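Chain and residue survey
Here is what each chain is made of, one letter per residue.
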Amino acid sequence: MLFRTARLKLVIERKHRCHARHVVVRTIVESLPDGSIWRGTVHVFDLVAQPLVDRCYAWTEQGGERLFGFTRLKISPVRSAQTAVRAVLAGASWRRSFRPAECVRGL
């Protein structure tokens, strides 16, 4: 878990050009329209020296043999770890191709 947290922190800092401080880990369970369940661990980071937003949510997904990282800034409509996951799931294409804009391949 520490390795994954450090990698997500690095991705956030590079992508958003600021310092990130890990705050907490949340377990999220979300029902999908097809009846399946998404369950994952979302890491919450505070952003330092980022004038537009103060928080970022990040998690990983296994896609075949590769690990993909997702990040979402706390910008409306995203206001929590739960809504960050919902925002990505709403773009349902990630379930087929693992290539949404929020996805950072090869963590």
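Preceding this section is the structure that the text describes.
One structure accompanies this document, and this report is about it. (Residues numbered from 1 in each chain as written. Predicted model: local features only at pLDDT ≥ 70, side-chain atom pairs only at ≥ 80, totals over all residues. Heavy atoms only, no water.)

1. Some details on the pattern of salt bridges
Summed over all chains, the structure comprises 4 salt bridges. When the shortest N-O distance is used, the salt bridge between Arg86 and Glu30 registers 3.0 Å. Of this pair, Arg86 sits in helix H2 (residues 81-90) while Glu30 sits in strand S1 (residues 19-31); the two residues are 56 residues apart in sequence, bridging distant segments of the chain. Taking the relative accessible area as the measure of exposure, Glu30 reaches 11% and is therefore buried. Each of the salt bridges in this network shares a partner with another, and the network as a whole consists of Arg21, Asp46 and Arg55. (Salt bridge = Lys/Arg side-chain N within 4 Å of Asp/Glu carboxyl O. Helix = DSSP H or I, 4+ residues; strand = E, 2+ residues; numbered from the N terminus. Buried < 20%, exposed > 50% of the residue type's maximum accessible area, 1.4 Å probe, protein only.)

2. Side note on the side chain of Asp46
Within the secondary structure layout, Asp46 lies in strand S2 (residues 37-48). Of note is the side chain of Asp46, whose polar atom sits 2.6 Å from the side chain of Arg55. Among all residues touching Asp46, those that are not within four sequence positions of it are His19, Ala20, Arg21, Val23, Asp54 and Arg55. (Polar contact = N/O pair within 3.5 Å; in protein donor to acceptor, adjacent residues only side chain to side chain. Contact = heavy atoms within 4.5 Å.)

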